[in-house]
Amino acid sequence: MGVRTTLRVNDTTHELFVDPRLTLLDALRDTLGLTGTKKGCDQGACGACTVIIGGQRVLSCLTLAAACEGQHVVTIEGLATGDELHPMQAAFLHCDGFQCGYCTPGQILSAVCAVQEVHAGVPSHVTPDVRHTVNSATLTDEEIRERMSGNLCRCAAYPNIVAAVRQVLLNEPRS
Amino acid sequence: MKEFTFERFARAADAAGAVAARPGAMFLAGGTTLVDLMKIDVLTPDTVVDVRPLGLSGIDVWDHAISVGAAVTNSQLAWHPVVRDRYPVLAEAILAGATTQIRNMATVAGNILQRTRCSYFRDVHASCNRRQPGSGCDAIDGFNRGHAVLGVSEHCIATHPSDMCVGLAVLDAVVHTVRADGSARSIPFGEFHHVPGDTPHVEFALEYGELITHLVIPNLPAARRSHYLKVRDRASYEFALASAAVVLDLDGDTIRAARLGLGGIATKPWRATEAEQSLTGRKASDATFRDAAEIALAGAVAREHNHFKIELAKRAIVRAFANAREAKV
């Protein structure tokens, strides 16, 4: 039996009637035609399907669309303001942070949130003392890699992805 | 994926009642276990009840304990300043697991209820006593490099994969639940998970339809000197080959008391109580820690591909305690 779901994606609200089995990933791509979010593994192992819900980065392939009632989803299509790229998009271009581009939307959304998490000072698995507050000026490459470890890249653009994240960390003022 | 009915309720007792009244119903929280296993037909509920609207998502801080709502996400718990300050082992354990995306989705109760990653459990064409009682265990004579050496039986050697649970085990958390009739009860963490024994399909001390509402983690001043150490093939985004959660209460270089939890090597989140007790009053040296590690792994039973875990776990125990000893608290 279908489920009525009101879903806000970027700046548009959609009234959907969905099969409960429909994942958010398939809802975005097939129902709404927003194909920027990619299906890599479809089992929560690669991060290509990363979107932002309620300000948090999550995997859309393991999220049921029906469970997103009333939530705000941001996809890669929602980052730019008209023709003006988001600083993270600009950084990925400037640092050449991709080859085939398939993982790239997930990388960019994940990186946007990773920067916010650094500004919030929260620790990661490689932070020596979880009591300490990290900051963007002193964050190591090891920290960036750990915080981005949920996004795989088979083209191995990792060094340039790290550079793009660092560019935004150093240039973007704290929100 | 098999078709199912999707439901949500406003009150926890109503959600519990809905599941209890419907055979083949399951609760949905973050979806990182349930949706994953439904996609490969390991779990096939007829009804899925979404628990996130129930509002079980607060963290209350008191002097004597903290209370953590069942739907608090792994990230929220790990990043909470009181958790980082009072229970660093728990923050470290959570942060060692999965990825930020998964930790943002996965709830505390869901982490406690996660299922094994055994590839035979996850393959409906394989024999698995946990998934289908009496069907056999393909892991015992199969590819068992990641499987358990503690708490195993002739029927199941599946590893409990959680990092967070090893932290909760050493902190003596208490799981609080509500049942369909509205009654509440509490289950000490050490009693929540079952070893497989003769009934690998019985994993948890929950009644059908019983819903976890919150955890209570008692205050433990000694936990300021605590640490989680995880050993795995990759640097990130992988389950443990072996892990150790330690709490070390020191008086100079003498151990007043210690706690030891083990992950990646056991069929449930493991508490090595005999090893802990052996440390009381001893000098906090690596040799002492090694003696405790020998006790902790004394009952280990290895299979063809996982014998290395026994020595690996012993070294992880020594390193974890040594790190805790050196910590500046």
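None of these values were measured; they are calculated from a predicted model.

**Student:** Would you mind going over the overall build of chain A in detail, with residue names and values included?
**Tutor:** On a plain count of helices and strands, chain A comes out with five helices and five strands. In chain A, the order of α-helices and β-strands from amino to carboxyl end is β-β-α-β-β-β-α-α-α-α. Over its C-alpha atoms chain A spans a radius of gyration of 16 Å, differing by no more than 12% from the 16 Å that the globule rule assigns to 175 residues. Here chain A, with 175 residues, has 53% of them falling under the buried criterion. Within chain A, contacts between residues separated by at least 24 positions form 56% of all contacts whose residues are at least 6 apart in sequence.

**Student:** Can you tell me about the nonpolar core, naming the residues and giving the values?
**Tutor:** Residues B:Val68, B:Leu77, B:Leu90, B:Ile112, B:Leu168, B:Leu171 and B:Ile217 are the most contacted members of the largest nonpolar core, which totals 60 residues. Looking at this core element by element, the count peaks at seven residues for helix α5 (residues 88–96) of chain B. Apart from residues no more than four positions distant in its own chain, B:Leu90 is found in contact with B:Leu77, B:Val83, B:Met164, B:Gly167, B:Leu168, B:Leu171 and B:Ile217. The next biggest cluster of nonpolar side chains, apart from the first, holds 45 residues, and it includes A:Val9, A:Leu34, A:Cys61 and B:Ala158.

**Student:** Outline the interface of chain B and chain A, supporting the account with residue identities and numerical values.
**Tutor:** Contact residues are listed per partner, giving 38 residues for chain B and 40 residues for chain A. Both sides of the chain B and chain A interface together cover about 3100 Å² of buried area, and 56% of this is carbon and sulfur. At the boundary of chain B and chain A, one finds two salt bridges. Here A:Arg131 and B:Asp85 are joined by a salt bridge, their closest N and O atoms 3.7 Å apart. The tally of links from chain B across to chain A stands at 18 residue pairs in polar contact (both at pLDDT 80 or more). Elements supplying a minimum of two residues to the side of chain B that touches chain A: β1 (5–8), α2 (34–39), α4 (81–86), α5 and α6 (100–105) of chain B.

**Student:** Could you give an account of unusual backbone geometry, naming the residues involved and the relevant values?
**Tutor:** Positive phi is not limited to glycine here, since A:Asn10 has a value of about 55 degrees. Here A:Asn10 lies in the loop between β1 (3–9) and β2 (12–18). Exposure remark for A:Asn10: the relative accessible area of 14% places this residue in the buried category. A positive phi angle is found at B:Asp41, which is not glycine, with a value near 65 degrees.

**Student:** Could you give me a rundown of the environment of B:Met38, with the residues and numbers involved?
**Tutor:** All names here are of chain B. Secondary-structure assignment places Met38 in helix α2. By relative accessible area, Met38 is classed as buried at 2%. In contact with Met38, not counting residues within four places along its chain, are Met1, Phe4, Leu43, Pro45 and Val48.

**Student:** Any chance you could break down the side chain of B:Thr116 for me, citing the residues and the numbers?
**Tutor:** All names here are of chain B. Following the sequence through the fold, Thr116 ends up in the loop between α7 (108–112) and α8 (164–170). What makes Thr116 buried here is its relative accessible area of 6%. Within the local environment of Thr116, its side chain forms a polar contact with the backbone nitrogen of Cys118, the two atoms lying 3.2 Å apart. With near-sequence residues (within four places) excluded, Thr116 lies in contact with Phe121, Arg122, Arg130, Ala158, Thr159 and Pro161.

**Student:** Explain the environment of A:Gly106 to me, using residue names and the numbers behind them.
**Tutor:** Residue and element names in this part refer to chain A. Within the fold, Gly106 resides in helix α3 (residues 104–119). Residue Gly106 is classed as buried on the basis of its relative accessible area, which comes to 0%. Taking the C-alpha atoms as reference, Gly106 lies 9.3 Å from Cys46; in sequence the two are 60 residues apart. In this structure Gly106 touches Gly47, Ala48, Thr50 and Asn151, once residues within four positions along its chain are discounted.

**Student:** Quick rundown of the packing of aromatic side chains? Include the residues and the values.
**Tutor:** All names here are of chain B. Taken as a whole and assessed by the stated rule, the structure comprises two aromatic pairs over all chains. Each ring, one from Phe192 and one from Phe204, has its centre 5.9 Å from the other, and the planes form 45 degrees; the classification is tilted. One end of the pair, Phe192, is in the loop between β7 (184–188) and β8 (211–218); the other, Phe204, is in the loop between β7 and β8, with 12 residues separating them in the sequence. Here Phe192 matches Phe204 in class, with each residue buried. Aromatic pair Phe289 and Phe321: ring centres 4.9 Å apart, planes at 15 degrees, arrangement stacked. In this pair, Phe289 is assigned in helix α10 (residues 286–296) and Phe321 in helix α11 (residues 308–326), connecting sequence segments 32 residues apart. Both residues of the pair, Phe289 and Phe321, belong to the buried class.

**Student:** Describe the sheet that holds β8(B), naming the residues involved and giving the relevant values.
**Tutor:** All names here are of chain B. Spatially, five strands are ordered β4-β5-β8-β6-β7 in an open sheet, and the strand pairing comes out antiparallel. What marks the edges here is a single partner per strand, and that holds for β4 (59–61) and β7. Sheet twist, expressed as the mean angle between neighbouring strand axes with direction ignored, is 20 degrees. Bridging between β4 and strand β5 (residues 65–69) involves three bridges; their strand directions are antiparallel. Following the sheet pairing, Ile59 is matched in β5 by Val68. Relative to the sheet, helix α1 (residues 12–21) contacts β6 (174–178) and β8, its axis offset from that of β8 by approximately 125 degrees.

What counts and how
Residues numbered from 1 in each chain as written. Chains lettered and ligands numbered in written order. Predicted model: local features only at pLDDT ≥ 70, side-chain atom pairs only at ≥ 80, totals over all residues. Heavy atoms only, no water. Helix = DSSP H or I, 4+ residues; strand = E, 2+ residues; numbered from the N terminus. Rg over C-alpha atoms; globule rule 2.2 N^0.38 Å. Buried < 20%, exposed > 50% of the residue type's maximum accessible area, 1.4 Å probe, protein only. Contact = heavy atoms within 4.5 Å. Core = buried A, V, L, I, M, F, W, Y, C linked by side-chain atoms within 4.5 Å. Buried area = accessible area lost by both parts, 1.4 Å probe. Salt bridge = Lys/Arg side-chain N within 4 Å of Asp/Glu carboxyl O. Polar contact = N/O pair within 3.5 Å; in protein donor to acceptor, adjacent residues only side chain to side chain. Phe/Tyr/Trp six-rings, centres within 6.5 Å; stacked < 30°, edge-to-face > 60°. Pairing = 2+ DSSP bridges. Axes fitted to C-alpha atoms, helices over the stretch in contact; angles between N-to-C directions.

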